[in-house]
Amino acid sequence: NASDDEIDLGVASNRFKDAYLSGGIYLGGTGAANKLDDYEEGTHIASVTMASGTVGLYSNYDKIKYTKIGRVVNIQGQIRIQTVSSASGQMKITLPFSADTTNDEGANVGGGVMRTYQGNVPSGGLYMWGVTVHNQGNLMLVEWVRGGGQSTTAHVPTVNEYLIMSFSYLTP
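A quick note: this is a predicted structure, and the numbers were derived from the prediction, not measured.

**Brief notes about the pairing of strand β6 (residues 72-94)**
Relative to β6, strand β4 (residues 48-57) is paired through eight bridges, and the arrangement is antiparallel. The residue of β6 that forms the bridge with threonine 49 is lysine 92. Of the strand pairs in this sheet, strand β5 (residues 63-69) and β6 are connected by six bridges, and their pairing is antiparallel. Within the sheet, the bridge partner assigned to isoleucine 69 lies in β6 and is valine 72. What sits between β5 and β6 in their antiparallel hairpin is a turn of two residues, with glycine 70 showing a positive phi close to 65°. Relative to strand β11 (residues 162-170), β6 runs antiparallel, the two sharing nine bridges. Opposite arginine 80, over in β11, you have tyrosine 162 as the bridge partner. Of the pairings in the sheet, the one linking β6 to strand β9 (residues 139-146) comprises four bridges and is antiparallel in character. Note that in β9 the partner of isoleucine 93 across the bridge is methionine 140.

About the thresholds
Residues numbered from 1 in each chain as written. Predicted model: local features only at pLDDT ≥ 70, side-chain atom pairs only at ≥ 80, totals over all residues. Heavy atoms only, no water. Pairing = 2+ DSSP bridges. Helix = DSSP H or I, 4+ residues; strand = E, 2+ residues; numbered from the N terminus.

Right, dumping it as structure tokens:
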């Protein structure tokens, strides 16, 4: 007659090889917040949109790897700009899953590091970052943070520019 929280599943010298579950697994508790019911790894073919104009990517540099654990998506990769035609305004890169769209005063904002190679840095640009916000769905906004109290400014890509990224965000 075992009591709650007394039975181990496997031991160090006799471990299970694979587990196939049709539901989820509860880790650290029995509440809904403790249930892990989604894990996925894959490759997303990214595309870029601008407020106006167009941007095209090289087909061998348009892929972003991702790992989704529960609601958290981690992406990393590098894209390369092939064409730019009259591009201006906000740059957006597609993501593999839609971001959380609840307007929760920034609690669901995702973000991460981006680096440009062979791109232009705007006046006062300190660093570039990608960010998801509640009303953008599966799009990451690419912006420059500037010093001296200046507001952020959109990134406008150039031909043959590489954008390297590492980024995390929440899904609904």
